[in-house]
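# Chains, contacts and geometry: an overview
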Amino acid sequence: MRGIVGYGAYLPYGRLERKAIAEALGSPAGPGTRAVASYDEDTTSLGVEAGRAALRGAGVVPQALYFATSDPAYLDKTNATAIHAALDLPASAFAVDVVGSVRSAVGAMRAARDARTPALAVLSDIRTGLPGGADERDGGDGAAAFLFADDAPDARVVAEPVAAASATAEFLDRWRLPGEPASRHWEERFGEHAYVPLGESALAEALKQAGVTAPGLARLIVAGPHGRAVKRVAAAAGAKKEAVADDLAATVGNAGAAHAGLMFAGALDQAQADDLIAVVSLADGADASVWRVTAAPRRPAGVSARLAGGARVSYPTFLAWRGFLKREPPRRPDPQPPEAPAARRSEAWKFAFTGSRCQACGARHLPPQRVCVKCHAVDRMAPERLADVPATIATFTVDRLAFSPSPPMVVAVLDFEGGGRFQSEMTDVDPSAVKIGDRVGMTFRRIVTAGGVHNYFWKARPLHGQ
Amino acid sequence: MASNGIRDRVAIVGMGCTSFGEHWDRGASDLLVDAAGEALTSAGIELRHVDAFWLGTLFSGQSGLTLSRPLKIDYKPVSRLENYCATGSEAFRNACYAVASGAYDVAMAIGVEKLKDSGYSGLPNTRSAGDGTAAAMTAPAMFSLLAPAYAKKYGIEAGQLKDVMTRIAWKNHRNGALNPRAQFRKEVPKETIACSPLVAGPLGIFDCSGVSDGSAAAIIVRAEDARRYTDKPLYVKALSFVAGPAAGPIDPDYDYTTFPEVIASAADAYAQAGIKDARQELAMAEVHDCFTPTELVLMEDLGFSARGTAWKDVLAGTFDLDGELAVNPDGGLKSFGHPIGASGLRMLFECWLQLRGEAGKRQIASVGRGRKLALTHNLGGAPGECVSFVGVVGSEPSA
C-alpha cells in the first residue's frame, strides 16, 4: 500500500489584523487576521520549512520532490532544487517545479502519490493583492508538505488515497500576467456559476469511486481562491455539518496553492483511524480526492497550534515587506549578490546548514573548515548537518546601520548544543527582547535579493520555550 | 623560534601629520604630499634623501604608484600594503625592518586614507559577498558584541556599562578638544554622548569613531645616525604584529570579552622592549578606540588593568590626560576619525610630540617626571578575528 507516510505544515510568524488595513485606508475589512510571510521569506523558503516538518522523523528519503506554488521566486530556474538542497536530499532525487497556478498543487500531490519511489510534494504560496483589495485582505501565506511512500515498518502509511476525480474547464475567473503584482478576476458571480457544478461533479465522482456517501465523511475540505464557490460546494455536498473543515479564513487567510494542503494537514492532525477525508480543490476546474486514515501513529503538523502566529505585523510594515512601500535605504553600500561559483562550492553549508566535525578531536565547525580550530588536524573532517540542532545565544547586537530589507538587523553569536559556534542573523524576533542565554533554532530564509539573485541562507529564530 | 625584536636599532627622526577631517578640497594625493613634506621638513631632509618608502592604505590606492605619482619619486622602491586597521602601523613596522636590516639608510613610512569621498556612513565594504552566508553586519555591530558579553561576565548592569562607555568617549573628546589636528575639537557633554542615537547594540553615534580623511608619515634611520637629524629622536623599542586564527566566531570557548590577538602582541612587544609593568612604565598609550567597548577591553588586554576591572579604572579617571596612565592623549580615533592607513602613524605622531615635550596643552606630566616610553596599538577585524599591532617607542636608548 502506498500513501502518505509523513506530512508537515508551516505558517509564518507574522499576522496582519484586517482591521489595521481598514484603519489605514478607510476601507471596509473583515474580522480576524491573515498570515504574513516575513520580508525574508518566499515560497521557496516557506516550502523548505514545511518540507523539514514532513521529513522530521521520516524513515524514508524522498527520491522525488514536486514543488507547487502560484508565486515562484524564480522563473526559468527551478525553485525545487533549492528546496532539495535545503532538505539535504541526495543528488539522485528528482526535483521539479509545478508552478504558476493554485491548481499546480493538485499536480504536485498527484505526481508524488503516483511516483514509483518515495516522493515529497511541497505546496507553498504567498498571496498578495493591491492595497485595499480583497486579495490582500483575504489572502494568506503558508506551506504544507506530504511525503508519499509504500508502507514499511519504519515508514508507516498514515493516510491512504482511495479515490480521485477531476473536472476540467477553461474559463476566466482569476489570472495574472507574469511580473504583475496582483491578480485580476472576473465578476464574482460568474466564477461561482462556473465552479459550483464542477466541484459537485468531481466530488460526486470521487465519492462514487470510493464507495461512500457524503455523510460518511469524517472531514470534508473544500478549498480554492473563489470564496463563494468554495462555501457553496462545501455546504451543498451533503456532509455532516461538523465534518466541514474550518476554512482558516479568520486566522491564516486563503493560502492559494498551499491552502488545501494546510487544511488537509490540519484534518490529519485531528483524524481517527479509518476516518475518510475528502479534499476538493476548486481551481481552473475541480479536483477531488478521498483518503482513508490508517491506524499507524502520526507525527502531527500542529496546524491548530500555529494558527495564531507569533506577532502582529503593522500594515505599513506589511506594505514594505510586499514591496508596495519603498523605504529610504541606509547610507551604506548596496548589498551584493552571492557569487554563483562560491555558492555552488558551499552548497551543503549554504543550503543544508551542514558544518563539519573533526574526526581527530570531535570539534564542530560552522561553516565547515579544512583545518580544525581546536587541534589543527588537516582534512580530518566529516560533514555534519546542524539545521535541526538548537543553539544558545552567547552575545548579540542590534545593528541599526546595516542594510536590511526590514531594519534593524539582529545578529547573535550562537553556541550549538553538542558544540559549534556561528554568528547568525536572527529573524521573527523582537530586537528589544533578545537576551544572552536565549535558545534559538535555525530556519531557512531568503536573506536578501540583490542584483536579481535571491540569497538563501539560514537564520536563527527564538524557540519561545520549545 | 621567537620574535627577536630590533630594540634601539632604528629611530624616528622626523614626522608629519595632516589635520584629520572632512577634506572635501584635498584628495589622497594632496594629503600624501602634505604629510610627506612635513615629515621631510621635520627631519631636515629632502625627498631625494629617502631610499625606500612603505605606503599604507586600505581603500585609497593600489601599488607604490599611489605614492610615487603624487610625490614624483624617482625610481625608488615603494611598497604599498594593507593590514586592515593596522595598515599604518604595518607600513611603519616594515620600514623599520628595512632600515634595521641595513638594506637602506633612510626610509619613509606613510599612511593615507580618503574615506569621505565614498558618501557612505562608516567604511565601504571590502569583501565580496562570496557564498552569501556571512552576516552582513557593520563594524560597530561587530564590536558591540563585546558590550553585553562583558557586562554579563562581570555582573555589570547595562546602564553602568553605558556610563563606562560614555566616560571613554567623553575623555577622548576632552583630549581631542586640545588638539588642533583632530577632526572633532570640542568637548562633548556626557549627557549628549549617552543620549546619542543608537547605531548598534548599546553603541550610540558617540561611541563610534568618526569617518575622516588624513595622512601621517615618519622618517626612519639607523639609531646610530639619528642624532645627525634631530636632538630628540624616538628609538623604536618594540614592534609586534599578530594575525589570529579568526577562531572566535567559530569557537565556543571565545567569550567576547577580550582580544587574544592583542594579548599576544602586547606580550611580545613588552618582551622586546623589556617592559615588566606597562601601567607603571609607560608615559602614555595610543590605543585603537574604534568603539568605546574596544578601548575598555583593551585596557585589560594591554595589561593596564586587571581582568574585569578596567571599567572601574575608566570611571576612576585612571586613563585621563592627568591620570595614572594617559590613554589616547591626542583624542584617539574618537576625535580623529579613522582614516585606516593613517591612524597608526597618527598615533605615533602623538608619541613623537609627547616624548619630545612638544604636545602643548596636552603635554603629559609624567614625561617630565621621567617616563620615557610610549605605546601605540591598532587592531583590525572584529572581536575574535583580528590582527593586532603593538609598538613601543622611547626617547632614550636603553642603558
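Scoring rules and cut-offs
- Residues numbered from 1 in each chain as written.
- Chains lettered and ligands numbered in written order.
- Predicted model: local features only at pLDDT ≥ 70, side-chain atom pairs only at ≥ 80, totals over all residues.
- Helix = DSSP H or I, 4+ residues; strand = E, 2+ residues; numbered from the N terminus.
- Rg over C-alpha atoms; globule rule 2.2 N^0.38 Å.
- Contact = placed C-beta atoms within 7 Å.
- Core = buried A, V, L, I, M, F, W, Y, C linked by C-beta atoms within 7 Å.
- Buried ≥ 20, exposed ≤ 12 C-beta atoms within 10 Å, placed from the backbone.
- Domains from an automatic or database assignment.
- Nonpolar A, V, L, I, M, F, W, Y, C, P; charged D, E, K, R; others polar.
- Expected span 1.5 Å × (residues − 1).
- Bend = angle between axes of the 7 residues up to and from the residue.

Counting secondary structure elements, chain B contains 14 helices and twelve strands. Radius of gyration (C-alpha) of chain B: 20 Å, near the 21 Å computed for a compact globule of 399 residues. A separation of at least 24 residues holds for 79% of the contacts in chain B among residues at least 6 apart in sequence.

Below, the discussion takes up the nonpolar core. Nonpolar side chains tend toward joint burial in soluble globular proteins. Counting 292 residues, the largest nonpolar core has A:Ala145, A:Ile221, A:Ala278, B:Ala107, B:Ala109 and B:Ile110 as the members making the most contacts within it. Among the elements that take part in this core, helix α13 (residues 340-355) of chain B stands out by supplying ten residues, more than any other. Filtering out sequence-adjacent residues up to four positions away, B:Ile110 remains in contact with B:Leu32, B:Ala35, B:Ala36, B:Phe53, B:Leu55, B:Leu67, B:Ala91, B:Ser215 and B:Ala217.

A few words on the domain arrangement of chain A. All names here are of chain A. On domain assignment, one finds that chain A holds domain 1 (2-181 + 247-274 + 294-321) and domain 2 (340-462). Computed from C-alpha atoms alone, the centre-to-centre distance between domain 1 and domain 2 is 26 Å. Between domain 1 and domain 2, the residue contacts involve 18 residues of the former and 17 residues of the latter. Elements represented by at least two residues in the side of domain 1 that touches domain 2 include exactly α2 (43-55), α3 (80-86) and α10 (315-321). Of the residues in the side of domain 1 that touches domain 2, the class split is ten nonpolar, three polar and five charged.

For the rest of this paragraph, the subject is helix α6 (residues 188-210) of chain A. Residues that lie three or four places apart on an α-helix share one face, since the helix turns once every 3.6 residues. Residue and element names in this part refer to chain A. In this model α6 runs 32 Å from its N-terminal to its C-terminal C-alpha over 23 residues, within 8% of the 33 Å that 1.5 Å per residue would give. Taking the largest bend as the criterion, α6 deviates by roughly 25°, centred on Tyr-195, and proline Pro-197 comes between one and four positions later. Within α6 the residues assigned to the buried category are Gly-191, Ala-194, Tyr-195, Val-196, Leu-198, Gly-199, Ala-202, Leu-203, Ala-206, Leu-207 and Ala-210. Contact partners of the buried residues in α6: β8 (159-168), β11 (219-223), α7 (227-236), β12 (276-282) and β13 (285-293). Gly-211 sits one or two positions beyond α6 and adopts a positive phi of about 70°.

With that settled, the discussion passes to the domain arrangement of chain B. Residues and elements named next belong to chain B. According to the domain assignment, chain B contains domain 1 (10-118 + 213-229) and domain 2 (139-208 + 235-394). The gap between the C-alpha centroids of domain 1 and domain 2 is 24 Å. The interface of domain 1 with domain 2 comprises 35 residues on the first partner and 33 residues on the second. Of all the secondary structure elements, the ones that give two or more residues to the side of domain 1 that touches domain 2 are β1 (10-17), α3 (87-100), β4 (106-114) and β7 (213-222). Looking at the side of domain 1 that touches domain 2, the element that brings in the most residues is α3, giving seven residues. Among the residues making up the side of domain 1 that touches domain 2, the classes are represented as 19 nonpolar, twelve polar and four charged.

Attention now goes to the environment of A:Pro72. All names here are of chain A. Summarising the element assignment, Pro-72 is placed in the loop between β4 (64-69) and α3. Residue classification places Pro-72 among the buried residues on the basis of 22 C-beta atoms within 10 Å. With 104 residues separating them in the primary sequence, Pro-72 and Arg-176 have C-alpha atoms 13 Å apart. Not counting chain neighbours up to four residues away, the residues in contact with Pro-72 comprise Thr-43, Asn-79, Asp-97 and Val-99.

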